[in-house]
Amino acid sequence: MTAGGGGPTLVLVVAVGIFVTTGVTLLLERSLTRILLGVILFGNGVNLLVLVGGRAGGAPLVGAGPTDRMSDPLPQAMVLTAIVITFGFTAFLLAVAYRSWYLTGNDEVQDDLEDQQVVRLAARNEQPAADLGGEGPDGDPEQVDPPPERRPPRGGGQR
């Protein structure tokens, strides 16, 4: 914040822009590691934006000073909540990235076959066939994904 309390400095506004722009760019990548870094940068940029939007002033304690010079405690409370939510989401994405690497050997997000089918139908301006269900797990023609390959456990072979 500026010394006069007039508003945010240009450095903070530029930092918010860089964090959010870099975060969105990384979120659009196909690697789960880059997506994870994008979530972290985007979350930090938005948290900084919320703090920059708050009014600078004294401690928000009744009796510590005049009420018109107190800062608003709501942006600080919102940022603390957002930090906890971002941390939980980061832990979840880290677990998903590790599980993907463990099962497939990489953390690349694969194309979904149904998404490819929707793109092909949209290019031809057609509607997808309705899924009536009731086929059972082995008779459903829409289940085209093979099960993931099992990787051998670490630590050598059998004992």
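The model shown is predicted, which means the values in this text are computed figures rather than measured ones. (Residues numbered from 1 in each chain as written. Predicted model: local features only at pLDDT ≥ 70, side-chain atom pairs only at ≥ 80, totals over all residues. Heavy atoms only, no water.)

**Concerning the overall build of the chain**
Where we set the bar: Secondary structure counts use DSSP, requiring at least four H or I residues in a row for a helix and at least two E residues in a row for a strand, with both numbered from the N terminus. Working definition: with a 1.4 Å probe on protein chains only, accessible area under 20% of the residue-type maximum means buried, over 50% means exposed, and in between means partly exposed. We call two residues in contact when some of their heavy atoms are within 4.5 Å. Working definition of accessibility: Shrake-Rupley area with a 1.4 Å probe, residue cover restricted to the visible protein chains.
Along the backbone of the chain there are four helices and zero strands. Each helix and strand of the chain, placed in order from N terminus to C terminus, yields the pattern α-α-α-α. When the 159 residues of the chain are sorted by exposure, 18% land in the buried category. At a minimum sequence separation of 6, the contacts of the chain that also span at least 24 residues come to 55%. Split by element, the accessible area of the chain, about 12,100 Å² in all, is 63% carbon and sulfur.

**Examining the nonpolar core**
Our working definition: Put simply, a nonpolar core is a bunch of buried Ala, Val, Leu, Ile, Met, Phe, Trp, Tyr and Cys residues held in one set by side-chain atoms that sit within 4.5 Å of each other.
Grouped together as the largest cluster of nonpolar side chains are six residues: Leu32, Ile35, Leu36, Val39, Leu93 and Ala97. Secondary structure elements with two or more residues in this core: helix H2 (32-53) and helix H3 (74-104). Ranked by residues supplied to this core, first place goes to H2 with four residues. Excluding anything up to four places from it in sequence, Val39 contacts Leu27, Thr86, Phe89, Thr90 and Leu93.

**Some points on the packing of helix H1 (residues 10-27) against H2**
Angle between the axes and distance between the axes are the two parameters that describe a pair of packed helices. Worth spelling out the cut-off: In this analysis an axis means a line fitted to C-alpha atoms, helices contributing only their contacting stretch, and an angle means the value between N-to-C directions, from 0 to 180 degrees. In this scheme, roughly parallel covers angles under 35 degrees and roughly antiparallel covers those over 145, while 65 to 115 is roughly perpendicular and the rest are oblique. Here is the rule for handedness: rotate from the far helix to the near one, and if that takes an anticlockwise turn smaller than a right angle the crossing is left-handed, while a clockwise turn gives right-handed. Asp, Glu, Lys and Arg are counted as charged, while Ala, Val, Leu, Ile, Met, Phe, Trp, Tyr, Cys and Pro are counted as nonpolar; the rest, among them Gly, fall into the polar class.
Packing of H1 against H2 brings their axes to within 7 Å, and their N-to-C directions diverge by 155 degrees. Classified by the interaxial angle, the pair formed by H1 and H2 is roughly antiparallel. In this structure, H1 crosses over H2, and the sense of that crossing is left-handed. Looking at the contact of H1 with H2 residue by residue, the class counts come to 17 nonpolar, five polar and one charged.

**Description of the pattern of salt bridges**
Keep this limit in mind: A pairing counts as a salt bridge when a side-chain nitrogen of Lys or Arg comes within 4 Å of a carboxyl oxygen of Asp or Glu.
As enumerated under the stated definition, the model contains two salt bridges in all. Residue Glu29 is joined to Arg34 by a salt bridge in which the shortest nitrogen-to-oxygen separation is 3.5 Å. With a relative accessible area of 33%, Glu29 lands in the partly exposed category.

**Looking at the side chain of Asp107**
Put simply, the test is: For the purpose of counting charges, residues Lys and Arg are taken to be positive, whereas Asp and Glu are taken to be negative. His and the chain ends are not included. For this analysis, a polar contact is any N or O atom pair within 3.5 Å, provided that within protein one partner can donate a hydrogen and the other can accept it, and provided that sequence-adjacent residues contribute only side-chain to side-chain pairs.
Tracing the backbone shows Asp107 in the loop between H3 and helix H4 (113-123). No salt bridge is formed by the buried Asp107; the nearest opposite charge belongs to Arg34, separated by 7.8 Å. For Asp107, the side chain forms a polar contact with the side chain of Ser31, separated by 3.1 Å. Here Asp107 is in contact with Arg30, Ser31, Leu32, Thr33, Ala97 and Ser100, once residues within four sequence places are set aside.

**What to know about the packing of aromatic side chains**
Operational definition: Any pair of Phe, Tyr and Trp rings, taking the six-membered ring for Trp, is counted once the centres come within 6.5 Å. Such a pair is stacked with planes under 30 degrees apart, edge-to-face with planes over 60 apart, and tilted for the rest.
Overall, the coordinates contain two aromatic pairs when judged by the stated rule. Measuring from centroid to centroid gives 6.1 Å for Tyr98 and Trp101, while their planes differ by 35 degrees, and the two rings are tilted. Here Tyr98 pairs with Trp101, and both are found in helix H3, just three residues apart, close to one helical turn. For Trp101, a relative accessible area of 32% translates into the label partly exposed. Every member of this aromatic cluster is reached through a ring pair, and the members are Tyr98, Trp101 and Tyr102.

**Overview of the environment of Ala97**
Locating Ala97 in the fold gives a position in helix H3. Residue Ala97 is classed as buried on the basis of its relative accessible area, which comes to 9%. Aside from chain neighbours lying at most four places away, what touches Ala97 is Leu32 and Asp107.

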